[in-house]
Amino acid sequence: SAVISQKPSRDICQRGTSLTIQCQVDSQVTMMFWYRQQPGQSLTLIATANQGSEATYESGFVIDKFPISRPNLTFSTLTVSNMSPEDSSIYLCSVGALAGTYNEQFFGPGTRLTVL
Amino acid sequence: SQELEQSPQSLIVQEGKNLTINCTSSKTLYGLYWYKQKYGEGLIFLMMLQKGGEEKSHEKITAKLDEKKQQSSLHITASQPSHAGIYLCGADEYSSASKIIFGSGTRLSIRP
């Protein structure tokens, strides 16, 4: 299994500012994903972080609001830009790796963001 | 697009009792995942089912995937306080480490 760390673990931010969340994995992985979990809700996929190319965003999420970097196979960042209270959520990164014939995915501990 | 429905949305069970959580897909699945989330924390991988009719167990938790690969159930036997949390089913349509789409989750509370 992969060990995933995220920084910061939590933050309280003012509206209009931006926050960059880091995701570090202890091994090289092909696929990295960013999810958002709004209060009391399930996880929603924001984007797939592709190494060496632009991230692939899901419907309803755009690069200007959630720019993502993936400089190498063990690290990715997600920035939440021009924040509003509606961005208050837990943001989780996950990594996917083939284990035999199926896909295993492991999740980081999450970053709890509160926007005032 | 893939949609997953979980039922029930929440469940309160007396300690020691059995319980079942269901997950239904609108499409045939390539893989079905079960995760557990402690309140406000990250996700813990429980099990992954890939073959129709497959069943896996870990300690007191058993997960099954139906033959058509569109429905899964998670069964907990003799529930304990440590089982409390949010259970999420997730599915991927394709192979090769693709993204997972999650169900709405089931919030499980265990009453002493």
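Structure report, in brief. This one's a predicted model, so the numbers in the text were calculated from it and none came from an experiment. (Residues numbered from 1 in each chain as written. Chains lettered and ligands numbered in written order. Predicted model: local features only at pLDDT ≥ 70, side-chain atom pairs only at ≥ 80, totals over all residues. Heavy atoms only, no water.)

## Digging into the overall build of chain B
Now for step 1: Counting its secondary structure elements, chain B contains zero helices and eleven strands.
Now for step 2: Secondary structure elements in chain B, listed N-terminal to C-terminal, are β-β-β-β-β-β-β-β-β-β-β.
Now for step 3: Taking 13 Å as the expected radius of gyration for a compact globule of 112 residues, we find that chain B reaches 13 Å, a close match to that expectation.
Now for step 4: Put simply, chain B has 112 residues, and 47% of those count as buried.
Now for step 5: For chain B, the proportion of contacts with a sequence separation of at least 24, taken over those separated by at least 6, is 55%.
Now for step 6: Just so you have it, chain B exposes about 5400 Å², and 47% of that area is on carbon and sulfur atoms.
Now for step 7: Between the averaged position of the 13 positive side-chain charges in chain B and that of its 11 negative side-chain charges there is a distance of 4 Å. (Helix = DSSP H or I, 4+ residues; strand = E, 2+ residues; numbered from the N terminus. Rg over C-alpha atoms; globule rule 2.2 N^0.38 Å. Buried < 20%, exposed > 50% of the residue type's maximum accessible area, 1.4 Å probe, protein only. Contact = heavy atoms within 4.5 Å. Areas by Shrake-Rupley, 256 points an atom, 1.4 Å probe, with all protein chains shown as cover. Lys, Arg positive; Asp, Glu negative; His and termini not counted. Charge placed at Lys NZ, Arg CZ, Asp CG, Glu CD.)

## Concerning unusual backbone geometry
Now for step 1: P8 of chain A follows K7 of chain A through a cis peptide bond whose omega is -10°.
Now for step 2: With respect to the element layout, P8 of chain A can be found in the loop between strand 1 (4-7) and strand 2 (10-13).
Now for step 3: With an omega dihedral of -5°, the bond running from S7 of chain B to P8 of chain B counts as a cis peptide bond.
Now for step 4: With respect to the element layout, P8 of chain B can be found in the loop between strand 1 (4-7) and strand 2 (10-14).
Now for step 5: With a phi angle near 55°, E59 of chain B is a residue other than glycine that sits in the positive phi range.
Now for step 6: When you line up the elements, E59 of chain B lands in the loop between strand 6 (55-58) and strand 7 (61-65).

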